[in-house]
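Inside the fold
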Amino acid sequence: MAERRRGGELLGELAAEFAGTLVLILFGVGVVAQVAAGGIGDHDSIAWAWGLGVVLGVYTAARISGAHLNPAVTVALAAFKGFSWRKVVPYALAQTAGAFVAALLVRWNYSEVLAKVDPGHTIKTQGVFSTLPGNGTLPVTQWGALRDQVIGTAILLFLILAISDERNSAPLANLAPFIVGLLVVAIGMAWGTDAGYAINPARDFGPRLASFLTGYGTAFRDQYGDLYFWVPIIGPLIGGLAGAGLYQVLVARFLPREDAPEPGRTPEPAGRAG
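In this report, we go over the structure that sits alongside the text. (Residues numbered from 1 in each chain as written. Predicted model: local features only at pLDDT ≥ 70, side-chain atom pairs only at ≥ 80, totals over all residues. Heavy atoms only, no water.)

Brief notes about the nonpolar core
How we decide: For our purposes a nonpolar core is just a set of buried Ala, Val, Leu, Ile, Met, Phe, Trp, Tyr and Cys residues, chained together by side-chain atoms within 4.5 Å. Burial status follows relative accessibility: with a 1.4 Å probe on protein chains alone, a residue under 20% of its type maximum counts as buried, one over 50% as exposed, and anything between as partly exposed. The helix and strand labels rest on DSSP assignments: H or I over at least four residues marks a helix, E over at least two residues marks a strand, and numbering proceeds from the N terminus. Note on definitions: a residue-residue contact is assigned when non-hydrogen atoms from the two residues lie within 4.5 Å.
Of all hydrophobic cores here, the largest spans 56 residues; its most connected members are Trp50, Phe129 and Leu156. When residues of this core are traced back to their parent elements, those giving at least two are helix 1 (2–38), helix 2 (43–65), helix 3 (71–80), helix 4 (88–109), helix 7 (142–164), helix 8 (176–190) and helix 10 (231–250). Per-element tally for this core: the top contributor is helix 1, with eleven residues. Those residues in contact with Trp50, other than ones at most four positions away along the chain, are Leu24, Ile25, Gly28, Val29, Val31, Val32, Val184, Tyr197 and Arg203.

Rendered as structure tokens:
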């Protein structure tokens, strides 16, 4: 009975990760399609829609699964926060599946305008679904993009842990998704040039696979013709571990225990307590 209950709980968590990531990608990939194919909006609208997609995706899944929505987050939480390693691969698969299905919906909905702007479904609009070095136009190499993904995801995980750490000055639980969304907006506005700020293997690979299966024959390659799909997978996984590790070293180990008084505050004498 207990085993069946645990299996049901995991199924619910995976369903929540699927749904939350699907919501994230519907807004994120959708806004890029609107800007690139419809000519409506600009980089700022992309950054804001991705951030709002994070907010809404986290609100969707947080109560059930913790709303990781990102394999880099899942791996970092397993390495540093006690998340079960046996759930890492199932979570990552659910997240990638949610991103894949959402990208198929965007691809279907924007099929006419994508065909009008880019009849051959080439590198010109490939960036709607997946990232490229220098966003497909700037002189950034694969190694430059890998560096960017490591740094960007390290920032993401460092600050997610800072925001969510109850021993720190964490926001109220119902505001945390909004703050994390603002974090993604900020990363998009400051770290979007070199590699399109994927900072999430599921966000990149799921839509990349969807685009490949629906006519984008070069989806796994960059504008130089080199295999590129591995960069936004490996970079975020390394960066997530680095960022979470730095948070533990620089901040977490200096925070007071949950039952300790705040720094600089004199404990109330025992006789007057209560």
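Having seen the model, we can carry on.
Thoughts on the packing of helix 3 against helix 4
This is how it is decided: To obtain an axis, a line is fitted to C-alpha atoms, over the contacting stretch when the element is a helix, and the angle between two such axes runs from 0 to 180 degrees between their N-to-C directions. The scheme is simple: roughly parallel for angles under 35 degrees, roughly antiparallel for over 145, roughly perpendicular for 65 to 115, oblique for anything else. Take the far helix as the reference: if the near one is turned anticlockwise from it by less than a right angle, the crossing is left-handed, and if turned clockwise, right-handed.
Put simply, helix 3 and helix 4 touch, their axes get as near as 9 Å, and they point 165° apart. In terms of their interaxial angle, helix 3 and helix 4 are classed as roughly antiparallel. Crossing hand, helix 3 versus helix 4: right-handed. Contacts from Pro71, Thr74, Val75 and Ala78 in helix 3 reach Val88, Tyr91, Ala92 and Gln95 in helix 4.

Concerning helix 3
Threshold: Think of a polar contact as two N or O atoms within 3.5 Å of one another; within protein, one of them needs to be a possible hydrogen donor and the other a possible acceptor, and neighboring residues in sequence only count if both atoms come from side chains.
With eight of ten residues buried, helix 3 lies mostly within the body of the structure. Here helix 3 has its buried residues at Pro71, Ala72, Val73, Thr74, Val75, Ala76, Leu77 and Ala78. For helix 3, the elements touching its buried residues are helix 4, helix 7, helix 9 (201–213) and helix 10. The N-cap residue of helix 3 is Asn70: its side-chain oxygen and the backbone nitrogen of Ala72 are 2.8 Å apart. Trailing helix 3 by a residue or two, Gly82 shows a phi angle of about 80°, which is positive.

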